[in-house]
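Summary of the model geometry
Residue strings, one per chain:
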Amino acid sequence: LDSCEDRKDKAALKIMTPDMAAVRRNRQMFLHEWKICRHFDYPFLLHYYSCGVHHGMPYIIMEYFDNRNLKSLILEQNPLVAAHAEEIIPTGRL
């Protein structure tokens, strides 16, 4: 994680949990995400800075987006949609 200490802006850290990292296919998909997204340079997409493994846990360092979470946005826009979403997505995941 030392490679981004020289950055002056905030960064988000996406970490794969050990149980997810134990599955080869999950690690492949995580790395595939990095390989594709690091090349994107569009104003409405987050920038991906770095990728690696720390103590056996794969991680991606990406641009930090300082805004509301998905749940608060849905509740603000349409409470009926939020109620339906909680039926589909287990509580605590939004």
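Check the entry above for the structure.
In short, a report on the structure.

The rules behind the values
Residues numbered from 1 in each chain as written. Predicted model: local features only at pLDDT ≥ 70, side-chain atom pairs only at ≥ 80, totals over all residues. Heavy atoms only, no water. Helix = DSSP H or I, 4+ residues; strand = E, 2+ residues; numbered from the N terminus. Buried < 20%, exposed > 50% of the residue type's maximum accessible area, 1.4 Å probe, protein only. Contact = heavy atoms within 4.5 Å. Pairing = 2+ DSSP bridges. Axes fitted to C-alpha atoms, helices over the stretch in contact; angles between N-to-C directions. Polar contact = N/O pair within 3.5 Å; in protein donor to acceptor, adjacent residues only side chain to side chain. Phe/Tyr/Trp six-rings, centres within 6.5 Å; stacked < 30°, edge-to-face > 60°. Salt bridge = Lys/Arg side-chain N within 4 Å of Asp/Glu carboxyl O.

1. Brief notes about the overall build of the protein chain
The helix and strand inventory of the protein chain stands at four helices and three strands. Mapped from its N terminus to its C terminus, the protein chain presents α and β elements in the order β-α-α-β-β-α-α. Across the 94 residues of the protein chain, 20% fall into the buried class. Excluding contacts between residues fewer than 6 apart, the proportion of contacts in the protein chain whose partners are at least 24 apart in sequence is 47%.

2. Brief notes about the sheet that holds strand β3 (residues 57-63)
Taken in spatial order, the three strands of this open sheet run β1-β3-β2, and their pairing is antiparallel. The open sheet terminates on both sides in strands that have one partner only, identified here as β1 (11-15) and β2 (48-54). The sheet shows a mean angle of 20° between the axes of neighbouring strands, direction not considered. Where β1 and β3 come together, five bridges link them in antiparallel fashion. Within β3, the position partnered with Ala11 by the bridge is Glu63.

3. Topic: the side chain of Asn26
Inspection of the secondary structure assignment puts Asn26 in helix α2 (residues 24-37). Within polar-contact distance, the side chain of Asn26 engages the backbone oxygen of Met20 at 3.0 Å. If we ignore the near neighbours within four places in the chain, the residues touching Asn26 are Met16 and Met20.

4. What to know about the pairing of β2
Of the pairings in the sheet, the one linking β2 to β3 comprises six bridges and is antiparallel in character. Bridge pairing in β3 places Cys51 opposite Ile60. Hairpin remark: β2 followed by β3, antiparallel, with two residues in the connecting loop; positive phi at His55, about 55°.

5. So, the packing of aromatic side chains
Inspection of the entire model under this criterion finds one aromatic pair. Summarising the aromatic geometry, the rings of Phe40 and Tyr42 are spaced 6.2 Å apart at their centres and angled 50° between planes, so their arrangement reads as tilted. Phe40 sits in the partly exposed class, given a relative accessible area of 33%.

6. Focus on the pattern of salt bridges
Note that side chains of opposite charge can pair when their charged atoms are close. With the rule as written, the count across this model stands at one salt bridge. In this structure, Lys14 and Glu33 form a salt bridge, with 2.8 Å as the shortest nitrogen-oxygen distance. Taken together, the residues Lys14 in strand β1 and Glu33 in helix α2 connect sequence positions 19 residues apart.

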